Amino acid sequence: MKRFTHIDPATVDEAVFLLGEYQGAARVIAGGSDLVGGLKDNLWMRYPQAVINLKRIPGLRDIRAEADGLHLGALATLTEVAESAAVRDGWPGLAEAAGRTGSPLLRNIGTIAGNICQENRCWYFRYPHKLGGRIDCVRKGGTRCLAVTGDHRYHSIFGAVKKCIAVNPGDTAPALVALGAVVRTSKRAIPIDGFFSAELGPQSTVLDHDEIVTEVFVPLPEKGAASAFKKIAIRKSIDFAVVNCAAAVTLVDGDVAAARICLNGVHNNPRRCEASEAVLIGRPLNEETAGEAGELAVAQARPLLMNAFKVPMARTIVADTLLACA
Ligand SMILES: Cc1cc2nc3c(=O)[nH]c(=O)nc-3n(C[C@H](O)[C@H](O)[C@H](O)COP(=O)(O)OP(=O)(O)OC[C@H]3O[C@@H](n4cnc5c(N)ncnc54)[C@H](O)[C@@H]3O)c2cc1C
Ligand code: SF4
């Protein structure tokens, strides 16, 4: 790890001011479970001169279920989200996703905002600087993607964005997409569908360098709505998803009136399955319709040499997640 200045601002305004002063040469830290690894492995194109700690700022950790929906403070831990009676009652897909993230220790320190802002886990990108030298792939300012010709078994099955085939690894991201969340920041409210930003290059979200997530808001589910989350990982106790999926479905008189489905671990950003959603509308949710939705979710898949196995996984997990909603 290189030297950096560690600063404990007391308010969001102070933190934003500091980020502005450092002009992109500072990084925010919450639980640190992702950021500290990045600092150790010298992950970014520019090593941070300062780390701005959010944990001393009061009022950012509450979980409140109100008349309009669920308000999750940015610093609410994944354990708190997973164990909150309000979240489990009203937004079970989100509680399940938070409860399946990492290990108990990681969930105790990892926050909801850190979870949706984390970096990808591509092993070339994460290759430790100290072990034989830095690998400068496209995402680190280089010219080529090493995964395309190398080991890409866990990479995108839907092609590249800006020559990069790393996937978004988050567990709560698909649940928040399925539930139509809004990310509230120090300067604006960003609908979750527009929050992830592989298209912008070497960053995973649309956040500006001087912008902080303050709250994640999840609207109240409609009457008859249900949500679910499923994850396939190599190890059950602690692992990133090979593929995960969340769905939120509203049933009226036994037929689907609304559906939002999101796959993750399959493309650079969490992937809405819009064709799968459309095929369900006005029909009952059963094995046949869920199976059709699963087929449509992977109809555009373009797997690489080593990751074709993810296609049937994605197809099946979409169907299973929908059936869990039923
Ligand atoms: C061994 C291991 C296993 C893991 N397993 C999983 C897993 O199964 N599923 C999964 O989803 N993740 C997993 N993770 C990744 C990570 O631990 C979690 O995503 C965690 O939720 C990150 O939260 P944090 O508060 O620790 O974030 P930090 O490490 O503090 O920050 C992560 C990123 O978010 C930014 N950030 C944090 N808070 C804010 C904010 N309020 N506003 C703006 N930017 C912010 C930071 O600058 C940084 O870029 C794993 C990590 C490890 C080390
Ligand atoms: S997939 Fe992306 S992060 Fe991984 S080596 Fe290729 S460009 Fe780099």
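Sequence order sets the numbering: in each chain, residues are counted from 1 along the sequence as written. Chains carry letters from A onward and ligands carry numbers from 1 onward, assigned in written order. Where local features are concerned, this predicted model is filtered to residues with pLDDT of at least 70; where side-chain atom pairs are given and counted, the filter is 80 or more; whole-chain, interface and lining totals use all residues. Water and hydrogen atoms were dropped before computing side-chain values, which therefore reflect all heavy atoms in the structure.

1. Some points on helix 11 (residues 287-297)
Inference 1: Restricting attention to buried positions, one finds in helix 11 the residues Thr289, Ala290, Ala293, Gly294 and Ala297. Down the axis of helix 11, the buried side of the element spans an arc of 145 degrees, and every buried residue falls inside it. Of the exposed residues in helix 11, the ones pointing more than 90 degrees away from its buried face are Glu287 and Glu288.
Inference 2: Only heavy atoms matter for contacts: two residues are in contact if any of them lie within 4.5 Å across the pair. Secondary structure elements follow DSSP: runs of H or I no shorter than four residues count as helices, runs of E no shorter than two count as strands, and numbering proceeds from the N terminus. Next to the buried residues of helix 11 lie strand 11 (255-264), helix 10 (274-280) and helix 12 (310-325).
Inference 3: Its side-chain oxygen placed 3.1 Å from the backbone nitrogen of Glu288, Asn286 serves as the N-cap of helix 11. Only protein chains enter the area calculation, which uses a 1.4 Å probe; residues under 20% of their type maximum are buried, those over 50% are exposed, and those in between are partly exposed. Directions from the helix axis toward the C-beta atoms define the arc. Between N or O atoms, a polar contact is any pair within 3.5 Å; within protein, one atom must be a potential hydrogen donor and the other a potential acceptor, and residues adjacent in sequence are included only when both atoms are from side chains.

2. Some thoughts on the packing of aromatic side chains
Inference 1: Side-chain rings of Phe, Tyr and Trp (the six-membered ring for Trp) are treated as a pair once their centres are within 6.5 Å; stacked means planes under 30 degrees apart, edge-to-face means over 60, and tilted covers the remaining angles. Tallied over the full model, the rule gives two aromatic pairs.
Inference 2: Ring centres of Trp123 and Tyr154 lie 5.8 Å apart, and the angle between their planes is 55 degrees; on these two criteria the pair is classed as tilted. With a gap of 31 residues between them, Trp123 in the loop between helix 7 (112-117) and helix 8 (146-149) and Tyr154 in the loop between helix 8 and helix 9 (172-178) connect regions that are remote in the sequence.
Inference 3: Residue Tyr154 is classed as partly exposed on the basis of its relative accessible area of 30%.
Inference 4: Summarising the aromatic geometry, the rings of Phe195 and Phe196 are spaced 5.2 Å apart at their centres and angled 85 degrees between planes, so their arrangement reads as edge-to-face.

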